[in-house]
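Each chain is listed here by its residues.
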Amino acid sequence: QKEVEQNSGPLSVPEGAIASLNCTYSDRVSQSFFWYRQYSGKSPELIMSIYSNGDKEDGRFTAQLNKASQYVSLLIRDSQPSDSATYLCAVSDSTLGRLYFGRGTQLTVWP
Amino acid sequence: GAVVSQHPSRVICKSGTSVKIECRSLDFQATTMFWYRQFPKQSLMLMATSNEGSKATYEQGVEKDKFLINHASLTLSTLTVTSAHPEDSSFYICSASSRGSLREQFFGPGTRLTVL
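Residues numbered from 1 in each chain as written. Chains lettered and ligands numbered in written order. Predicted model: local features only at pLDDT ≥ 70, side-chain atom pairs only at ≥ 80, totals over all residues. Heavy atoms only, no water.

Student: I would appreciate a short explanation of the overall build of chain A in the present structure.
Tutor: Across its full length, chain A carries 0 helices and 11 strands. Element order for chain A, N to C, with α for helix and β for strand: β-β-β-β-β-β-β-β-β-β-β. For a compact globule of 111 residues, the expected C-alpha radius of gyration is about 13 Å, and chain A comes in at 13 Å, within 12% of that figure. In terms of principal-axis extent, the alpha carbons of chain A reach across some 45 × 30 × 20 Å. Counting every position in chain A, which comprises 111 residues, the buried fraction comes to 47%. The contacts in chain A between residues at least 6 apart in sequence include a share of 53% that link residues at least 24 apart. (Helix = DSSP H or I, 4+ residues; strand = E, 2+ residues; numbered from the N terminus. Rg over C-alpha atoms; globule rule 2.2 N^0.38 Å. Buried < 20%, exposed > 50% of the residue type's maximum accessible area, 1.4 Å probe, protein only. Contact = heavy atoms within 4.5 Å.)

This is the structure we're talking about:
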């Protein structure tokens with residue numbers, strides 16, 4: 001059984017700050033890693049995917065992957081109140097394609 | 001990202017009735033679709049995985065005779081909740097992925113089911 005752990009939060013940061021979200025996973029053969037954002041009452045929205053070690057940047061978002069440490073993170077720069085949501089870390093079973101989700105970290109960005 | 005639609009977005013029904021939820025991939029061919037359920041304040045729970053043209057694979061504890069899944073085409077999967085009861089009230093979300101190694105899943109907007 002694959003396990004995905006996220007820092008429990010909730011995380012609260014002021015507007016303009018950097019929000020750091022962390023995730024660890026148990027299965028060394030995992031190949032694909034994703035961050036989803038879920039607003040209250042809505043379905044998850046894919047915001048980042050990362051497949052190789054290192055950093056991947058997309059606008060204000062940077063995903064970092066370290067397969068040796070089995071660790072993936074998401075940094076949100078210049079946080080905005082509209083970033084307030086629950087962020088879900090997901091790891092893919094490359095054989096079956098299913099995702100294993102962490103419990104999510106609730107982020108609040110206050111003005 | 002790819003677009004996935006779900007219909008209906010919200011449904012209220014009486015106990016004992018059946019409810020069908022449709023999931024469509026609008027701009028890509030979804031070789032695999034997934035059905036999730038989410039209760040308030042909880043994370044997503046995978047119910048089943050369906051591949052086009054074959055029977056769905058259900059997760060442990062999910063009754064396949066109660067939650068009927070059909071994936072008849074590369075753009076459409078349906079979930080039918082049979083003889084719904086109040087404890088089936090939940091947020092049902094589908095996702096779709098296409099053939100290939102990236103395995104990104106794109107989620108539909110979800111269907112909120114309330115069983116009275």
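Now that the structure is up, let's keep going.
Student: What exactly am I supposed to notice about the overall build of chain B here?
Tutor: Looking only at helices and strands, chain B has 0 helices and 11 strands in total. Reading chain B from its N terminus to its C terminus gives the helix and strand order β-β-β-β-β-β-β-β-β-β-β. Taking 13 Å as the expected radius of gyration for a compact globule of 116 residues, we find that chain B reaches 13 Å, a close match to that expectation. Judged by the C-alpha coordinates and their principal axes, chain B covers about 40 × 25 × 25 Å. A total of 116 residues make up chain B; the buried ones form 49% of that total. Sequence separation of at least 24 residues holds for 54% of the intrachain contacts in chain B that already meet a minimum separation of 6. By element, 50% of the accessible surface of chain B is carried by carbon and sulfur atoms, the whole surface being about 5800 Å². Separation between the mean location of the 12 positive side-chain charges and that of the 9 negative ones in chain B comes to 3 Å. (Areas by Shrake-Rupley, 256 points an atom, 1.4 Å probe, with all protein chains shown as cover. Lys, Arg positive; Asp, Glu negative; His and termini not counted. Charge placed at Lys NZ, Arg CZ, Asp CG, Glu CD.)

Student: I'm lost on the state of the cysteines in this one. Help?
Tutor: By definition, a disulfide links two cysteine residues through a covalent bond between their sulfur atoms. Residue and element names in this part refer to chain B. By the definition in use, this model includes 2 disulfides over all chains. Residue pairing for C23: its cysteine sulfur links by disulfide to C94, the two sulfurs lying 2.0 Å apart. Across the S-S bond linking C23 and C94, the dihedral sits near 80°, which makes this disulfide right-handed. Of this pair, C23 sits in strand β3 (residues 19-25) while C94 is found in strand β9 (residues 90-97), placing the two residues 71 residues apart along the sequence. (Disulfide = S-S within 2.5 Å.)

Student: Just checking my understanding: could you explain the environment of K20 of chain B for this structure?
Tutor: All names here are of chain B. Of note, K20 is situated in strand β3. Through-space distance from the C-alpha of K20 to that of Y58 is 17 Å; in sequence the pair is 38 residues apart. Other than its neighbours up to four places away in sequence, K20 contacts H7, P8, T78, L79 and T80.

Student: Please clarify how the sheet that holds β3 of chain B should be interpreted in this entry.
Tutor: Hydrogen bonds between backbone groups are what pair the strands of a sheet, and the pairing can be parallel or antiparallel. Residues and elements named next belong to chain B. What the 4 strands build is an open sheet, ordered β1-β3-β8-β7; its pairing is antiparallel. The sheet is open, and its two borders are formed by β1 (4-7) and β7 (67-73), each paired with just one other strand. Along the sheet, successive strands turn relative to each other by an average axial angle of 15°, direction set aside. Taken together, the 4 bridges between β1 and β3 define a ladder with antiparallel strand orientation. The partner of H7 across the bridge, within β3, is E22. (Pairing = 2+ DSSP bridges. Axes fitted to C-alpha atoms, helices over the stretch in contact; angles between N-to-C directions.)

Student: It is not clear to me how the interface of chain B and chain A should be interpreted in this structure. Could you clarify?
Tutor: Many analyses report the size of an interface as the accessible area lost when the parts associate. Tallying the contact residues gives 20 residues for chain B and 22 residues for chain A. Here chain B packs against chain A, burying approximately 1500 Å² in sum over the two surfaces, 53% of which is carbon and sulfur. Connecting chain B to chain A are 1 salt bridge. At the boundary of chain B with chain A, the tally comes to 7 residue pairs in polar contact (both at pLDDT 80 or more). Mapped by element, the contributors of at least two residues to the side of chain B that touches chain A are β4 (32-38), β9 and β10 (106-107) of chain B. Per element, the largest residue contribution to the side of chain B that touches chain A is 3 residues, and it comes from β4 of chain B. Considered class by class, the residues forming the side of chain B that touches chain A number 10 nonpolar, 6 polar and 4 charged. (Buried area = accessible area lost by both parts, 1.4 Å probe. Salt bridge = Lys/Arg side-chain N within 4 Å of Asp/Glu carboxyl O. Polar contact = N/O pair within 3.5 Å; in protein donor to acceptor, adjacent residues only side chain to side chain. Nonpolar A, V, L, I, M, F, W, Y, C, P; charged D, E, K, R; others polar.)

Student: Any chance you could explain the side chain of T82 of chain B here in plain terms?
Tutor: Residue and element names in this part refer to chain B. By the element assignment, T82 lies in the loop between β8 (76-81) and β9. A distance of 3.3 Å separates a polar side-chain atom of T82 from the backbone oxygen of D65. If sequence neighbours within four positions are ignored, T82 has contacts with T17, S18, D65, K66 and L68.

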